[in-house]
Amino acid sequence: MNGPRVLSVNVGGVRRVAVGDRTITTAIWKSPVAGRVRVRGVNVNGDDQADRSVHGGEHKAVYAYAREDTDWWEGELGRDLPAGTFGENLTTAAVDLNGCVLGERWRVGSAVLEVSEPRFPCFKLGIKMGDPGFLKRFAAARRPGTYLRIAEEGELGAGDAIEVVERPDHGVTIGLFAEAFLGDHTLAARLLRGPRLSEPWREWAEKRVGRTG
């Protein structure tokens, strides 16, 4: 099978990590699991988040990252990067995640997932990658991956096809969203065209539009 698909489903629990003279909790370490995995509510079974005030929830229930982007990072960093390296729940293949539009829906296994927003990671990704400056590199690369809502609960697993069953025509892509936040704030007005933009992001965009209007 060479079409859009899930290469692996990755989950992880909360762990304590020593950082200098302090200890933090994080669940960014994810590993592939075998068999079918249920997605329900706001999570993937077996997965967890250390700080649910900024991770997880309806709009960040499932995180997808493309194997093609991981391969690119392997070239940049000069080392092997296994599935789950970026804390993703779904490692995908043959999907242009930057080109996905807000509100786009995928059928994966018996579940339906909805594209919601790019990922802008916290400092813990730098810890995971062994480089405190990695966040700047990650942002500059404009390869954020995408968060997904769980539109319909179900089960999925490695090898499942990713079928786009709904794609709005407003043109607000994950790539545009990332650029609006990280680069050209004048693009914020276009974000407001996207369906079901989460309230915090709607407020952010409206403030930027107010400053430039």
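Just above sits the structure.
An account of the accompanying structure is given in this report. (Residues numbered from 1 in each chain as written. Predicted model: local features only at pLDDT ≥ 70, side-chain atom pairs only at ≥ 80, totals over all residues. Heavy atoms only, no water.)

Overview of the overall build of the protein
Here is step 1: The helix and strand tally for the protein stands at 6 helices and 13 strands.
Here is step 2: Computed over C-alpha atoms, the radius of gyration of the protein comes to 17 Å, within 12% of the 17 Å expected from 2.2 N^0.38 for 213 residues, which places it in the range of a compact globule.
Here is step 3: In terms of principal-axis extent, the alpha carbons of the protein reach across some 50 × 45 × 35 Å.
Here is step 4: Contacts spanning at least 24 positions in sequence make up 71% of the contacts within the protein whose residues lie at least 6 apart. (Helix = DSSP H or I, 4+ residues; strand = E, 2+ residues; numbered from the N terminus. Rg over C-alpha atoms; globule rule 2.2 N^0.38 Å. Contact = heavy atoms within 4.5 Å.)

Some remarks on the sheet that holds strand β10 (residues 111-118)
Within a beta sheet, neighbouring strands are joined by backbone hydrogen bonds and run either parallel or antiparallel to one another.
Here is step 1: Read across the sheet, 8 strands follow the order β4-β1-β8-β7-β11-β10-β9-β13 without closing on themselves; strand pairing throughout is mixed. Each edge of the open sheet is held by one strand with a lone partner, namely β4 (31-32) and β13 (162-166).
Here is step 2: With 3 bridges connecting them, strand β7 (residues 62-66) and strand β8 (residues 90-93) associate as parallel partners. Note on β8: the bridge partner recorded for A64 is L90. (Pairing = 2+ DSSP bridges.)

Notes on the side chain of T91
Here is step 1: Inspection of the secondary structure assignment puts T91 in strand β8.
Here is step 2: A residue is classified by how much of its surface remains accessible, and T91, at 1% relative accessible area, is buried.
Here is step 3: For T91, the side chain forms a polar contact with the side chain of N10, separated by 3.0 Å.
Here is step 4: Ignoring sequence-local partners within four residues, the contact set of T91 consists of R5, V6, L7, S8, N10, Y65, R67, A83 and G84. (Buried < 20%, exposed > 50% of the residue type's maximum accessible area, 1.4 Å probe, protein only. Polar contact = N/O pair within 3.5 Å; in protein donor to acceptor, adjacent residues only side chain to side chain.)

Some words on the pairing of strand β2 (residues 15-19)
Walk down a regular strand and you will see the side chains alternate between the two sheet faces.
Here is step 1: Of the pairings in the sheet, the one linking β2 to strand β3 (residues 22-26) comprises 5 bridges and is antiparallel in character. In the sheet register, R16 faces β3, and the bridge partner there is T25.
Here is step 2: Taking the residues between adjacent antiparallel strands as the criterion, β2 and β3 are bridged by 2 residues, where G20 takes a positive phi near 60 degrees.

Re the packing of helix α1 (residues 67-77) against helix α3 (residues 134-141)
Here is step 1: The contact between α1 and α3 brings their axes to 13 Å, and the two run at 130 degrees. Considered as vectors, α1 and α3 are oriented oblique to each other. Where α1 crosses over α3, the two elements pack in a sense that is right-handed. Touching W72, W73, E76 and L77 of α1 are F134, R137, F138 and A141, all from α3.
Here is step 2: Residues that form the contact of α1 with α3 fall into these classes: 6 nonpolar, no polar and 2 charged. (Axes fitted to C-alpha atoms, helices over the stretch in contact; angles between N-to-C directions. Parallel < 35°, antiparallel > 145°, perpendicular 65-115°, else oblique. Left-handed = near helix turned anticlockwise from the far one by under 90°. Nonpolar A, V, L, I, M, F, W, Y, C, P; charged D, E, K, R; others polar.)

Concerning the pairing of strand β1 (residues 5-11)
Here is step 1: In terms of residue burial, β1 counts as a mostly covered element, since 6 of its 7 residues are buried.
Here is step 2: Here 4 bridges tie β1 to β8, and the two strands are oriented antiparallel to one another. For V6, the partnering residue across the bridge sits in β8 and is T92.
Here is step 3: Across 2 bridges, the pairing between β1 and β4 is antiparallel. Within the sheet, the bridge partner assigned to V11 lies in β4 and is S31.

Topic: the environment of L187
Here is step 1: Relative to the elements of secondary structure, L187 occurs in the loop between α4 (174-182) and α5 (188-191).
Here is step 2: The spatial distance from the C-alpha of L187 to the C-alpha of T23 is 38 Å, given a sequence separation of 164 residues.
Here is step 3: If near-sequence neighbours (up to four positions away) are discounted, L187 is found in contact with L176, E179 and A180.

Things to note about the nonpolar core
The nonpolar side chains of a soluble globular protein tend to be buried with one another.
Here is step 1: By size, the foremost hydrophobic cluster in this structure holds 36 residues, and its most contacted members are V62, L90, W106, L113, L148 and L191.
Here is step 2: At 4 residues, the largest contribution of residues to this core is made by α4.
Here is step 3: Apart from the residues lying within four places of it in its own chain, the contact partners of V62 are V44, N89, L90, L113, T146, Y147, L148 and I150.
Here is step 4: Listed in part, the 12 residues of the second largest apolar core include Y63, L125, M129 and F134. (Core = buried A, V, L, I, M, F, W, Y, C linked by side-chain atoms within 4.5 Å.)

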